Amino acid sequence: MALLTFDHVGIHLGGKEILSPTSFEVQQGEFVCVIGPSGCGKTTLLRAAAGFVKPSGGQVLRQGQVVTQPNREVAFVFQDYTRALLPWRTVEGNVMLALEAAKMPIGQRAQRVKEVLSVVHLTEHAQKFPLQLSGGMQQRLQIARCLAQSPQILMMDEPFGALDAMTREGLQDELARLVREQGLTVLFVTHDLEEAIYLGDRIIALRSNPTSQQPSLAGTIDVSIEKPRNHLSVKEHPEFLRLRRELYFYLGHV
């Protein structure tokens, strides 16, 4: 059984069809990226998967159960990390928030926070406040808070879009490492074609302004480039160049 199933999911907002009936699956341990032009419904699709938005038609299922509301087995990483973090709490305190919400026994929390901060390399910054961290470190903190709840699936909405190129590449590698080491399943929205190819096992391409002749789902593309990947060598790989051309067609012409 797939971990996550989109079964003819359609979404209307304000009387407009944002997403026409769309179907695909996410398997356990898979890294699936969703791309598409602005306004095509990428973020709305992700929010429906997390239980934040109710589909107008069809359904989202997690391990065969219909998703009707948010669940602690799903962790959501937002693009705007500055609003996602509590500025009056330290790094340690922000991670602790997830454990408090999960009602983890108080005696177990400190050790779990220590473990998670070690995983994202923030141990030395445990007593700092978010404003004392760089943008990249703040996003790592948001990811750490999500990992603390031991989610089944990690949903990420353009999490590196607001960062500079060098920081973004570093965090892409950090995320790839976490996925390997933690066995994570990830549904990742991005507008960056190269990011989707570098991180993804599979890419879902969406088109905007769907019609009956041209539905939202433009195509599904498998990324066969061997993992782990390296930025320099992957971007010179013939398959990377081929996929980038194919995805450029989807974004530029659908």
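Calculation rules
Residues numbered from 1 in each chain as written. Predicted model: local features only at pLDDT ≥ 70, side-chain atom pairs only at ≥ 80, totals over all residues. Heavy atoms only, no water. Pairing = 2+ DSSP bridges. Helix = DSSP H or I, 4+ residues; strand = E, 2+ residues; numbered from the N terminus. Axes fitted to C-alpha atoms, helices over the stretch in contact; angles between N-to-C directions. Contact = heavy atoms within 4.5 Å. Buried < 20%, exposed > 50% of the residue type's maximum accessible area, 1.4 Å probe, protein only. Polar contact = N/O pair within 3.5 Å; in protein donor to acceptor, adjacent residues only side chain to side chain. Expected span 1.5 Å × (residues − 1). Arc of directions from axis to C-beta.

1. Side note on the sheet that holds strand β3 (residues 31-35)
An order of β6-β7-β8-β3-β9-β10 is seen for the 6 strands of this open sheet, with the pairing classed as mixed. In this open sheet, the two strands that pair with only one neighbour each are β6 (74-77) and β10 (217-222). Neighbour to neighbour, the strand axes of the sheet diverge by 15° on average, direction disregarded. Pairing of β3 with strand β8 (residues 186-189) involves 4 bridges; the strand directions are parallel. Following the sheet pairing, F31 is matched in β8 by V186. With respect to the sheet, helix α1 (residues 42-50) is in contact with β3, β6, β7 (153-157), β8 and β9 (202-206), its orientation differing from that of β7 by roughly 155°.

2. Considerations on the environment of E100
Checked against the element boundaries, E100 lands in helix α3 (residues 91-101). Since its relative accessible area comes to 29%, E100 is described here as partly exposed. Separated by 49 residues in the primary sequence, E100 and Q149 place their C-alpha atoms 9.9 Å from one another. For E100, the side chain forms a polar contact with the side chain of R89, separated by 3.0 Å.

3. Notes on helix α4 (residues 106-119)
The terminal C-alpha atoms of α4, which comprises 14 residues, lie 21 Å apart, in line with the 20 Å expected from a rise of 1.5 Å per residue. Here α4 has its buried residues at R109, V113, V116 and L117. The buried residues of α4 occupy an angular sector of 95° when projected down its axis, which confines them to one face. Away from its buried face by more than 90 degrees, α4 exposes G107 and K114. Tucked inside the fold, the buried residues of α4 contact α3 and α5 (135-148). Among the residues trailing α4, H121 stands out with phi positive, at a value near 60°.

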